[in-house]
Amino acid sequence: MQRAYLKALHGRYWPYRHHDVPFPIESVVAWYTLFALQDDLGVTGDVLEMGVEHGGTAFLAMMALRDSERLEMIDIKKSPRFADKAAALPQDVADRIVFHECSTRSETLSEIAARQFRFVHIDAGHSKADVLDDMARFVPCVAPDGVLCLDDVFEIRWPGVTEAALEFTPQSGLVPFLFVNRKLYLAHPSMAATYRAKLVESHAILQDLGPLRAWTETMLGAPTMIWKHGATAATLERLVSQEAL
């Protein structure tokens with residue numbers, strides 16, 4: 001994982017971060033890391049985000065796009081907070097994002113559901129039925145070398161998310177490889193092993209951003225890395241303010 005990539009991504013994303021919405025810095029670091037690893041591995045393709053709300057994760061995905069890539073976003077409404085931030089995007093980024101203002105079950109998304117993406121984030125409806133529907137429709141969109149992120153797994157407020165994840169994952173063809181702060185990351189088995197190995201290689205850099213506890217547990221039959229990362233806004237600022245990083 002290249003420190004230069006992390007510095008560049010942080011510099012692009014931080015001005016657009018909503019500091020008062022629930023996308024904790026621990027998960028920010030996980031997303032930085034996974035996009036950096038995809039860059040190392042030459043994984044290319046568009047990104048799919050469902051459940052945009054205020055854009056806590058959407059803006060990070062935007063800033064990770066390469067010149068030829070697009071971000072497709074799905075939500076039943078565009079929040080004023082998201083719209084205000086999006087209005088300030090550079091034109092070259094704004095031209096490559098598409099907001100589908102509809103339910104994830106809408107027939108208008110049939111073309112999206114037939115495509116492949118390098119990163120898919122499912123964070124829309126949180127009932128068991130909603131998550132099962134979204135997984136059934138959009139898990140096939142995960143490219144062979146891509147990543148699926150499921151939000152709010154094992155979150156006590158949303159037991160239906162966990163029920164759906166445990167029920168659907170064994171038939172999905174994907175296996176988990178990372179769990180960080182209520183988000184479960186999955187990939188096709190061979191790529192899950194590759195991502196997990198690359199994460200281990202990245203520990204020295206991640207330790208520079210704050211104390212990291214990482215261990216592996218078996219989850220849904222697959223070895224899955226668990227993270228507890230102590231990064232803060234101040235330690236992340238070192239990415240752009242100190243040449244040592």
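Residues numbered from 1 in each chain as written. Predicted model: local features only at pLDDT ≥ 70, side-chain atom pairs only at ≥ 80, totals over all residues. Heavy atoms only, no water.

Undergrad: Just checking my understanding: could you explain the layout of surface pockets for this structure?
TA: By volume, the largest pocket amounts to about 760 Å³. Lining the largest pocket we find 35 residues, and of these Gly51, Glu53, Asp123, Ala124 and His126 sit closest to its centre. Secondary-structure elements contributing two or more residues to the lining of the largest pocket are strand E2 (71–75) and helix H7 (128–138). Of the residues belonging to the lining of the largest pocket, the class tally is ten nonpolar, twelve polar and 13 charged. (1 Å grid on protein atoms, 1.4 Å probe; cavity = no way out; pocket = protein on both sides within 12 Å on 5 of 7 lines; lining within 4 Å. Points joined across faces, edges and corners; volume = space filled by probe spheres on them. Helix = DSSP H or I, 4+ residues; strand = E, 2+ residues; numbered from the N terminus. Nonpolar A, V, L, I, M, F, W, Y, C, P; charged D, E, K, R; others polar.)

Undergrad: Would you mind going over H7 with me for this structure?
TA: Because the α-helix completes a turn every 3.6 residues, residues three or four places apart line up on one side. All buried positions along H7 are accounted for by Val131, Leu132, Asp134, Met135 and Phe138. Angularly, the buried residues of H7 cover 165° about the axis, an arc narrow enough to put them on a single face. Check the buried side of H7 and you find it contacts strand E1 (47–50), E2, helix H6 (110–113), strand E4 (117–122), strand E5 (142–150) and helix H8 (159–168). (Buried < 20%, exposed > 50% of the residue type's maximum accessible area, 1.4 Å probe, protein only. Arc of directions from axis to C-beta. Contact = heavy atoms within 4.5 Å.)

Undergrad: I keep staring at the packing of aromatic side chains and nothing clicks. Help me out?
TA: If you walk through the whole model with that rule in mind, you get eleven aromatic pairs. Summarising the aromatic geometry, the rings of Phe35 and Phe119 are spaced 4.9 Å apart at their centres and angled 40° between planes, so their arrangement reads as tilted. Here Phe35 is found in helix H2 (residues 25–41), whereas its partner Phe119 is found in strand E4, with 84 residues between them in sequence. Since its relative accessible area comes to 0%, Phe35 is described here as buried. Under the relative-accessibility criterion, Phe119 is labelled buried at 0%. Seen in terms of ring centroids, Phe177 and Tyr195 are 5.2 Å apart; in terms of plane orientation they differ by 15°. Their pairing is stacked. Taken together, the residues Phe177 in strand E6 (residues 175–180) and Tyr195 in helix H9 (residues 189–201) connect sequence positions 18 residues apart. Phe177 sits in the buried class, given a relative accessible area of 0%. Members of the aromatic cluster, connected to one another through ring pairs, are Tyr16, Phe59, Phe82 and Phe99. We note Lys78 situated over the ring of Phe99; from NZ or CZ to the ring centre the distance is 5.1 Å. (Phe/Tyr/Trp six-rings, centres within 6.5 Å; stacked < 30°, edge-to-face > 60°. Lys NZ or Arg CZ within 6 Å of the ring centre and 35° of its normal.)

Undergrad: Sorry if this is basic, but what is going on with the pattern of salt bridges here?
TA: Opposite charge on two side chains allows them to pair when their charged atoms are near. By the definition in use, this model includes 18 salt bridges. Arg115 is the salt-bridge partner of Asp46, the closest N and O atoms lying 2.7 Å from each other. Here the residue Asp46 occupies a position in the loop between H2 and E1, and Arg115 occupies one in the loop between H6 and E4, the gap between them amounting to 69 residues. Accessibility expressed as a relative area gives 18% for Arg115, which makes it buried. Between Glu72 and Arg70 there is a salt bridge; the shortest N-O distance is 3.7 Å. By relative accessible area, which is 2% here, Glu72 ends up buried. Among the charged side chains, a salt-bridge network with shared partners connects Asp46, Arg70, Glu72, Glu111 and Arg115. (Salt bridge = Lys/Arg side-chain N within 4 Å of Asp/Glu carboxyl O.)

Undergrad: What is the right way to look at empty space enclosed by the protein in this model?
TA: In this approach, a probe sized like a water molecule rolls over the atoms, and the result shows the empty space that is left. Enumeration over the complete set of coordinates arrives at two cavities of 30 Å³ or more. In this structure, the largest cavity occupies an estimated 50 Å³ of space. Lining the largest cavity are Ile122, Asp123, Ala124, Gly125, His126, Val131, Leu150, Asp151 and Val161. The residue inventory of the lining of the largest cavity, partitioned by class, reads five nonpolar, two polar and two charged. If you add up the space inside the second largest cavity, you get close to 40 Å³. What lines the second largest cavity is simply Val153, Phe154, Thr162, Ala165, Leu166, Leu184, Met219 and Leu220. The residue inventory of the lining of the second largest cavity, partitioned by class, reads seven nonpolar, one polar and no charged.

Undergrad: Just checking my understanding: could you explain a nonpolar patch on the surface for this structure?
TA: Among the surface-exposed residues, Phe154, Leu166 and Leu220 lie close enough to one another that they form a single nonpolar patch of about 250 Å² accessible area. Looking at where Leu220 falls in the secondary structure, it is placed in the loop between strand E8 (212–219) and strand E9 (222–229). Leu220 sits in the partly exposed class, given a relative accessible area of 34%. (Patch = residues over 30% accessible without salt bridge, like charges linked within 9 Å, V, L, I, M, F, W, Y side chains within 5 Å. Areas by Shrake-Rupley, 256 points an atom, 1.4 Å probe, with all protein chains shown as cover.)

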